[in-house]
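Here is how the chains run, residue by residue.
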Amino acid sequence: MNVLATDTATPPQVDATALVDRALLEQRVREMYRLVATDPGAPRHFETGYSLALRLGYPERLLRSIPAEAVASFAGVGYHLDLAHPFIGDAVLDLGSGSGMDAFCAAIGVGASGRVVGVDFTDAQIQKATFLRARDGFDNVTFVEAGIDELPFEDGSFDVVISNGAINLSPAKHLVFAEAARVLRRGGRIAIADMVSATALEESTRRTTELWAASVAGAIPREAYADALEDAGFRITTIRRNEYRFTSERVRQACRTNGIRSTTFAAVRSARARAADGRRLGPLR
């Protein structure tokens, strides 16, 4: 299946830039996740924090080894680090790193000889994560304010890419996957926890920025998501469902209607990966 192709019956899936006002969408996402950083306990349509992380499968010992404030602002949708396998000395990139929980967890896995870089476009999240990094001495972690579909890193800079509940917020998923392939070395690993759907959502839903920011309208069919990863040059090794639920009944109903579920994908970058501009990415190291 070529998920980049469109017809009159099915709205674009991985590339929805023609359907949604991207500037408005990014404004709404930033507003929401600024509040996640500054007021993590406030009621919202999704859960945050320690109890969520435990229920998704994060080891309690690991959570207690990283800054508690990063855990409090955790808003991920699954546990993926067991599939990412961050080894001692690895370079790890976290796409949509938020307040840094996954980045700090990965930093423990890679040790002092490894490094972790978190990327997020929400200023308050980057500021909070950077403060916690300095305060708690995570010298092998850095945070960069940037978009996940245009990464400021050289080709083949990382051994592992992770992302948790962030790529569904992007209307240009094909660019995100292409960038992830570009910055990974050949044979590098990617592990993503994200929201996907059972069927294609209606176009009216996909044009609503509020529903994008709610992690609903950006969900695409699981098969389209997997195809997009493969088109970018990844070989999928694992797909598994996560036990995740929203707190708002309205959003839960939307998820039931469209079969939207949290799913984790693990894959390996192959030799046939291509950059977003179509350049072939050969063996890097």
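Above this note sits the structure.
Since the model is a prediction, treat every value here as computed from it, not as a measurement.

A. Summary view of the packing of helix H1 (residues 22–38) against helix H7 (residues 123–136). Where H1 meets H7, the axes come as close as 7 Å, and the angle between the chain directions of the two elements is 25°. Classified by the interaxial angle, the pair formed by H1 and H7 is roughly parallel. Note on element contacts: H7 touches H1 through Asp123, Ala124, Gln125 and Lys128, opposite Tyr33, Arg34, Val36, Ala37 and Thr38. In terms of residue class, the contact of H1 with H7 is made up of four nonpolar, two polar and three charged.

B. How the structure looks around the layout of surface pockets. For the largest pocket, the calculated volume is near 530 Å³. Of all the elements in the fold, those that place two or more residues in the lining of the largest pocket are H1, helix H6 (101–110) and strand S2 (115–120).

C. Structural context of the nonpolar core. Counting 59 residues, the largest nonpolar core has Tyr58 and Met101 as the members making the most contacts within it. For Met101, the contacting residues outside a window of four places in its chain are Ala53, Tyr58, Leu63, Ile66, Ala70, Val71 and Phe74.

D. Geometry of the packing of aromatic side chains. One pass over the full model with this rule turns up nine aromatic pairs. Taking the centre distance of 4.6 Å and the plane angle of 65° together, the rings of Tyr58 and Tyr79 count as edge-to-face. With Tyr58 in the loop between helix H2 (50–56) and helix H3 (60–63) and Tyr79 in the loop between helix H4 (68–72) and helix H5 (81–84), this residue pair connects regions lying 21 residues apart in the sequence. For Tyr58, a relative accessible area of 2% gives the class buried.

E. Quick look at the sheet that holds S2. One open sheet accounts for seven strands, arranged S3-S2-S1-S4-S5-S7-S6; its pairing is mixed. Taken across any chain shown, the strands that pair with only one partner, and hence form the sheet edges, are strand S3 (141–145) and strand S6 (234–241). Ignoring which end each strand starts from, the neighbouring axes of this sheet average 15° apart. Taken together, the eight bridges between strand S5 (residues 184–196) and strand S7 (residues 261–269) define a ladder with antiparallel strand orientation. Counterpart to Val196 in the pairing with S7 is Arg261. Together, strand S1 (91–95), strand S4 (158–164), S5, S6 and S7 form the strand contacts of helix H8 (residues 173–183), whose direction differs from that of S5 by roughly 150°. On top of the sheet, helix H11 (residues 222–231) reaches S5, S6 and S7; it is set at about 155° to S6, its chief contact.

Rules of the game
- The residue numbering used here restarts from 1 in each chain and proceeds along that chain's sequence as written.
- Under the rules for a predicted model, residues below a pLDDT of 70 receive no local features and side-chain atom pairs below 80 are neither given nor counted, while totals for whole chains, interfaces and linings still include all residues.
- Neither water nor hydrogens contribute to the side-chain values; these are computed over all heavy atoms in the structure.
- For helices, the axis comes from a line fit to the C-alpha atoms of the stretch in contact; other axes are also lines fit to C-alpha atoms, and the angle between any two N-to-C directions lies between 0 and 180 degrees.
- To qualify as a helix, a DSSP run of H or I must reach at least 4 residues; to qualify as a strand, a run of E must reach at least 2; elements of each kind are numbered from the N terminus.
- Relative orientations are named as follows: roughly parallel for angles under 35 degrees, roughly antiparallel for angles over 145 degrees, roughly perpendicular for angles from 65 to 115 degrees, and oblique for any other angle.
- Only heavy atoms enter the contact rule, under which two residues are in contact if any of them lie within 4.5 Å.
- Side-chain classes follow a simple rule in which Ala, Val, Leu, Ile, Met, Phe, Trp, Tyr, Cys and Pro form the nonpolar group, Asp, Glu, Lys and Arg form the charged group, and the remainder, Gly included, forms the polar group.
- The pocket and cavity definitions rest on a 1 Å grid over protein atoms only: a 1.4 Å probe that fits but cannot leave marks a cavity, an open set with protein on both sides within 12 Å along at least five of seven lines marks a pocket, and residues lining either have an atom within 4 Å of a point.
- Grid points are joined across faces, edges and corners, and a volume is the space filled by probe spheres set on the points.
- What is meant by a nonpolar core is a set of buried Ala, Val, Leu, Ile, Met, Phe, Trp, Tyr and Cys residues, joined one to another through side-chain atoms within 4.5 Å.
- Here the term buried applies to any residue with accessible area under 20% of the maximum for its type, exposed to any over 50%, and partly exposed to those in between, with areas from a 1.4 Å probe on protein chains only.
- Each Phe, Tyr or Trp ring (for Trp, its six-membered ring) is paired with any other whose centre lies within 6.5 Å, and the angle between the two planes then decides the class: stacked below 30 degrees, edge-to-face above 60, tilted in between.
- By the convention used here, strands pair only if DSSP detects at least 2 bridges between them.

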